[in-house]
Amino acid sequence: MATLAMNGGRKVRTKPWPAVGRRFGKEELKQLKEALEQNTLFYIYGKKTEQLCSKMAKTCGAKHVLACSSGSAAVHGAVKACGVGPGDEVVTSPLTDAGTILGVVYEGAIPVFADVDPTSYNITAASIKERISKRTKAVIVVHLAGVPADIKPIVRLCKRHRIKLIEDCAQSWGTMVDDRWVGTFGDVGIFSLNDYKHLSAGEGGLIVTDDYDLYATAWLAIDKCYDRLTGARNVSFVAPNYRITELQSAVGIAQLGKLKRIISRRHRLGERLTKGLKGIRGVSPHKVVKGGYATYWYYLIRLDLDFLGVDAPTFGKALNAEGIAGSGRFYMRPVHLAYSYLRQKTAFHHSHYPFTLARKSIKYEKGYCPNAERVAEEVYYVPLNEWLSSREIDDTIMAVKKVASYYRGQKQSGR
Ligand SMILES: *Cc1c(COP(=O)(O)O)cnc(C)c1O
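Residues numbered from 1 in each chain as written. Predicted model: local features only at pLDDT ≥ 70, side-chain atom pairs only at ≥ 80, totals over all residues. Heavy atoms only, no water.

**Remarks on the side chain of glutamate 378**
Inspection of the secondary structure puts glutamate 378 in the loop between helix H14 (370-377) and strand E13 (379-382). Among the residues examined, glutamate 378 registers a relative accessible area of 9% and is labelled buried. Of the polar contacts made by the side chain of glutamate 378, one reaches the side chain of arginine 302; its length is 2.8 Å. At a separation of 2.9 Å, a polar atom in the side chain of glutamate 378 contacts the side chain of arginine 374. If sequence neighbours within four positions are ignored, glutamate 378 has contacts with Ile301, Arg302, Leu303 and Leu305. (Helix = DSSP H or I, 4+ residues; strand = E, 2+ residues; numbered from the N terminus. Buried < 20%, exposed > 50% of the residue type's maximum accessible area, 1.4 Å probe, protein only. Polar contact = N/O pair within 3.5 Å; in protein donor to acceptor, adjacent residues only side chain to side chain. Contact = heavy atoms within 4.5 Å.)

**Focus on unusual backbone geometry**
Working note: non-glycine residues mostly have negative phi, and peptide bonds are mostly trans. Of note, the amide linkage connecting tyrosine 353 to proline 354 takes the cis form, showing an omega dihedral of -5°. Tracing the backbone through its elements, the reader meets proline 354 in the loop between helix H13 (340-343) and H14. Even without being glycine, cysteine 225 reaches a positive phi, approximately 65°. Residue position: cysteine 225 is located in the loop between helix H7 (212-222) and helix H8 (246-256).

**Quick notes on the environment of glycine 270**
Within the secondary structure, glycine 270 sits in helix H9 (residues 259-277). Glycine 270 gets classed as buried once you look at its relative accessible area, which sits at 0%. Residues glycine 270 and serine 390 lie 120 residues apart in sequence; the distance between their C-alpha atoms is 9.7 Å. Those residues in contact with glycine 270 that lie beyond four places of it in its chain are Tyr296, Tyr299 and Leu384.

**Focus: the pattern of salt bridges**
Evaluation of the coordinates by the stated rule reveals 20 salt bridges. For glutamate 27, the salt bridge goes to lysine 26, with nearest N and O atoms at 3.9 Å. Judged by its relative accessible area of 37%, glutamate 27 falls in the partly exposed class. Residues glutamate 37 and lysine 33 are paired through a salt bridge, measuring 3.0 Å at the closest nitrogen-oxygen approach. With glutamate 37 and lysine 33 both in helix H1 (residues 26-37) and four residues apart, the pair spans about one turn of that helix. Exposure remark for lysine 33: the relative accessible area of 52% places this residue in the exposed category. Each of the salt bridges in this network shares a partner with another, and the network as a whole consists of Arg13, Arg391, Glu392 and Asp395. (Salt bridge = Lys/Arg side-chain N within 4 Å of Asp/Glu carboxyl O.)

**Considering the site of the ligand**
As a structural note, the neighbourhood of the ligand is formed by 13 residues, with Gly71, Ser72, Asp168, Ser192 and Lys197 the closest of them. The separation between a nitrogen atom of the ligand and a polar side-chain atom of threonine 100 is 3.3 Å. Here an oxygen atom of the ligand and a side-chain polar atom of asparagine 194 are 2.7 Å apart. For the ligand, whose free accessible area comes to 380 Å², the fraction covered by protein is 93%. Partitioned by chemical class, the residues of the shell around the ligand number two nonpolar, eight polar and three charged. (Near = heavy atom within 4 Å. Areas by Shrake-Rupley, 256 points an atom, 1.4 Å probe, with all protein chains shown as cover. Nonpolar A, V, L, I, M, F, W, Y, C, P; charged D, E, K, R; others polar.)

**Details of the sheet that holds E13**
Taken in spatial order, the three strands of this open sheet run E10-E12-E13, and their pairing is antiparallel. Among the strands making up the open sheet, the edge pair consists of strand E10 (283-284) and E13. Sheet analysis places E10 next to strand E12 (residues 299-303), joined by two bridges and oriented antiparallel. Bridge pairing in E12 places serine 284 opposite arginine 302. On the sheet, helix H11 (residues 312-321) packs against E10, E12 and E13 and is oriented at approximately 40° with respect to E13. (Pairing = 2+ DSSP bridges. Axes fitted to C-alpha atoms, helices over the stretch in contact; angles between N-to-C directions.)

Here you go:
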């Protein structure tokens with residue numbers, strides 16, 4: 001058995017991990033110059049936001065696209081447009097970003113978490129069904145890490161129960177099922193342009209839908225309830241200013257032009273990793289649903305910790321010592337455990353609103369979503385990006401093979 005680099009053995013990889021390359025260049029500069037030359041950066045007066053939206057509509061195949069200030073703002077706008085209000089329940093995934101649920105809570109609704117599939121880490125029709133009640137107004141499916149949820153049965157389930165379906169695609173630019181973009185299966189989809197995502201405009205969000213009324217309401221919801229479609233000034237509900245600027249839209253246009261190259265590279269790297277991990281005992285690849293096209297914002301390797309007899313942080317440290325990037329600590333803890341405002345029901349000052357409106361008190365505690373809780377403890381997080389090559393993937397596979405075999409051996413020899 002090869003000695004781990006961590007214990008003084010030879011490293012699998014001695015070359016440094018590739019640095020992140022340049023994301024912005026002359027394409028963005030040209031767009032920004034044009035935006036500035038408009039002599040206005042307001043999204044209604046300039047052309048860049050409109051151009052970004054029509055380019056996105058064409059790219060993803062949705063009828064209407066609305067731009068706003070962030071992915072969180074986009075979810076909030078979508079939630080409002082779906083008619084969610086105080087006391088309603090919204091079913092979503094516990095493995096997600098704060099942005100998925102903040103709009104739900106701001107609207108006075110109760111986030112209800114469905115458990116994830118233990119191989120794709122996405123919620124499923126079956127797990128959502130268990131959480132549906134008379135109060136359920138909407139489902140927010142999070143397509144985690146650029147890996148699609150099994151969306152078709154979820155669409156059927158929501159239709160059957162007359163529940164609105166929002167797709168959170170912040171981590172899933174260009175992710176597809178049967179050649180169709182995720183974000184276009186449900187009633188409304190959202191994307192993020194924050195600096196960490198596949199595409200960056202610094203900050204930004206997009207709402208995509210085929211439903212005109214939903215689009216019109218979402219627009220009110222992200223722009224102070226000012227009606228930009230008709231010019232009317234009947235402020236009929238409270239809505240924040242979640243507007244985008246022409247500068248962000250200009251960068252977004254240039255970034256969208258680079259999408260294809262970015263996602264096809266990430267797709268290839270992820271697929272290569274999946275192929276190479278197959279057959280290594282004690283580890284499982286990130287599973288993609290049949291017909292799915294994953295664009296891997298990152299990649300999760302599931303570890304069978306009992307079988308390997310090691311914890312994920314140690315496994316991660318061993319891989320790092322072999323010269324591999326990544327972490328045995330998943331950056332996402334299930335939000336029902338991680339967020340004290342959920343655990344203690346203290347979203348707002350001196351009040352337990354909106355949780356006081358719940359039909360029955362939900363206990364955001366350990367055991368609520370056991371798969372998600374285990375996944376968070378049992379994965380090695382591989383940070384993929386488009387500047388990696390097959391070499392990094394092959395080194396990762398080799399190192400996983402070595403480290404897994406070492407711990408299997410240790411376990412068998414009873415150490
Ligand atoms: C990033 C992210 C968001 C929020 O996007 P912001 O632009 O940062 O507000 C929402 N949902 C998921 C799943 C995300 O990863």
